[in-house]
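Chain residues, written in single-letter form:
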Amino acid sequence: MSRTPLVAGNWKMNGRRSMAASLAAEIAAAAPAGVEVLLCPPLVYLDTVASAVQASDVVLGAQNLDEHEDGAFTGEVSAEMLVDVACRYVLVGHSERRTLFAESSARVADKFFRALDAGLRPVLCVGETLAEREAGNTEQVINAQLDAVFGRATAEQMVDTVIAYEPVWAIGTGMTASPEQAQAVHAHIRSRLASSFGAPLAQSLRLLYGGSVKADNAASLFAGADIDGGLVGGASLDAATFLAICQAATA
Ligand code: 13P
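Residues numbered from 1 in each chain as written. Predicted model: local features only at pLDDT ≥ 70, side-chain atom pairs only at ≥ 80, totals over all residues. Heavy atoms only, no water.

A closer look at the packing of helix 7 (residues 138-150) against helix 9 (residues 179-197)
Helix packing geometry: the angle between the two helix axes and the distance between the axes. For the pair helix 7 and helix 9, interaxial distance at closest approach is 11 Å and the crossing angle is 35 degrees. Helix-helix and strand crossings are classified by hand; for helix 7 and helix 9 the assignment is right-handed. Each of T138, E139, I142, N143, L146, D147 and F150 in helix 7 lies in contact with helix 9, whose residues at this interface are V185, H188, I189, R192, L193, S196 and F197. (Axes fitted to C-alpha atoms, helices over the stretch in contact; angles between N-to-C directions. Helix = DSSP H or I, 4+ residues; strand = E, 2+ residues; numbered from the N terminus. Left-handed = near helix turned anticlockwise from the far one by under 90°. Contact = heavy atoms within 4.5 Å.)

Considerations on the pairing of strand 6 (residues 162-165)
Taking every second residue as pointing to the same face, both faces of strand 6 are buried, with V162 and A164 on one and I163 and Y165 on the other. In this sheet, strand 6 lies alongside strand 5 (residues 121-126) in parallel orientation, the contact comprising 4 bridges. Across the sheet, residue C125 finds its bridge partner in strand 6, namely A164. In the sheet, strand 6 pairs with strand 7 (residues 206-210) via 4 bridges, with the strands oriented parallel. Bridge assignment links A164 to a residue of strand 7, and that residue is L208. (Buried < 20%, exposed > 50% of the residue type's maximum accessible area, 1.4 Å probe, protein only. Pairing = 2+ DSSP bridges.)

Side note on the side chain of T138
Here T138 shows up in helix 7. In this structure T138 comes out as buried when scored by relative accessible area, which is 11%. Here T138 is in contact with E128, E132, R133, Y165 and V185, once residues within four sequence places are set aside.

Some remarks on the layout of surface pockets
In this structure, the largest pocket encloses a volume near 470 Å³. Forming the walls of the largest pocket are 19 residues, and the residues nearest its centre are M13, Q63, N64, R97 and F101. A total of 3 residues in the lining of the largest pocket trace back to one element, the largest contributor, which is helix 4 (residues 95-100). When its residues are assigned to classes, the lining of the largest pocket shows 9 nonpolar, 5 polar and 5 charged. (1 Å grid on protein atoms, 1.4 Å probe; cavity = no way out; pocket = protein on both sides within 12 Å on 5 of 7 lines; lining within 4 Å. Points joined across faces, edges and corners; volume = space filled by probe spheres on them. Nonpolar A, V, L, I, M, F, W, Y, C, P; charged D, E, K, R; others polar.)

Remarks on the site of the ligand
The full set of residues close to the ligand is N10, K12, H94, E166, A170, I171, G172, G211, S212, L231, G233 and G234. In the environment of the ligand, an oxygen atom lies 2.9 Å from a nitrogen or oxygen atom belonging to the backbone of G233. Here G234 contributes a backbone N or O atom positioned 2.8 Å from an oxygen atom of the ligand. Here the ligand has 310 Å² of accessible area as a free molecule, and 97% of this is covered by the chains. Here the shell around the ligand is composed, by residue class, of 3 nonpolar, 7 polar and 2 charged. (Near = heavy atom within 4 Å. Polar contact = N/O pair within 3.5 Å; in protein donor to acceptor, adjacent residues only side chain to side chain. Areas by Shrake-Rupley, 256 points an atom, 1.4 Å probe, with all protein chains shown as cover.)

Shown next as structure tokens:
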């Protein structure tokens, strides 16, 4: 089954309004056909980026959401608010949220379903630490992160979702997983999807690789049979570099 590749830029907590506007405009003006391009800027610049990409096919996402509906949750942002400012996607369970903000897999799952209920497409991020990999526990860790969501989901709910494999040891370190390491975990995730939801659903979902994706390694990573694009951090902050990565996904 052919899957439209997806390349997402996770800007994390970087940039200012003028940079957000110009970066988004440059990407919108030159985004290649044949790949879905998603930008996830800081929350306060969602509107700015929404305006910049409005006339293009580039889509907008957020980096996080709260698992509750609107209410007394000071400092948080609801799924409905993200929809209201034109978000189509939202990252859930990024390793920085899991580790720095102590988000449990159960809470990540709550966010995942809250996003779906509001009509957002969740991008579920999973990945092991270096210690977990070296102890031979990669699949076990990924399984636990997946099962927190899969155990509560129907195949119908999974249709509009994306899973991103981001080995924690490769995030922001310049230490990319090899194409073989990445493909092996992606194949494992797809097989877990197949056993939980059936082969057709598993074949239709996009699985992204994240962790030090750069212009010069993107093509070899995206060549993996089960790698359908990337979730890009640092390299998404430069338009030419990010566009080259988007281009690599169209091959
Ligand atoms: P880097 O591309 O900077 O390693 O970040 C990856 C990431 O965390 C994307 O969500």
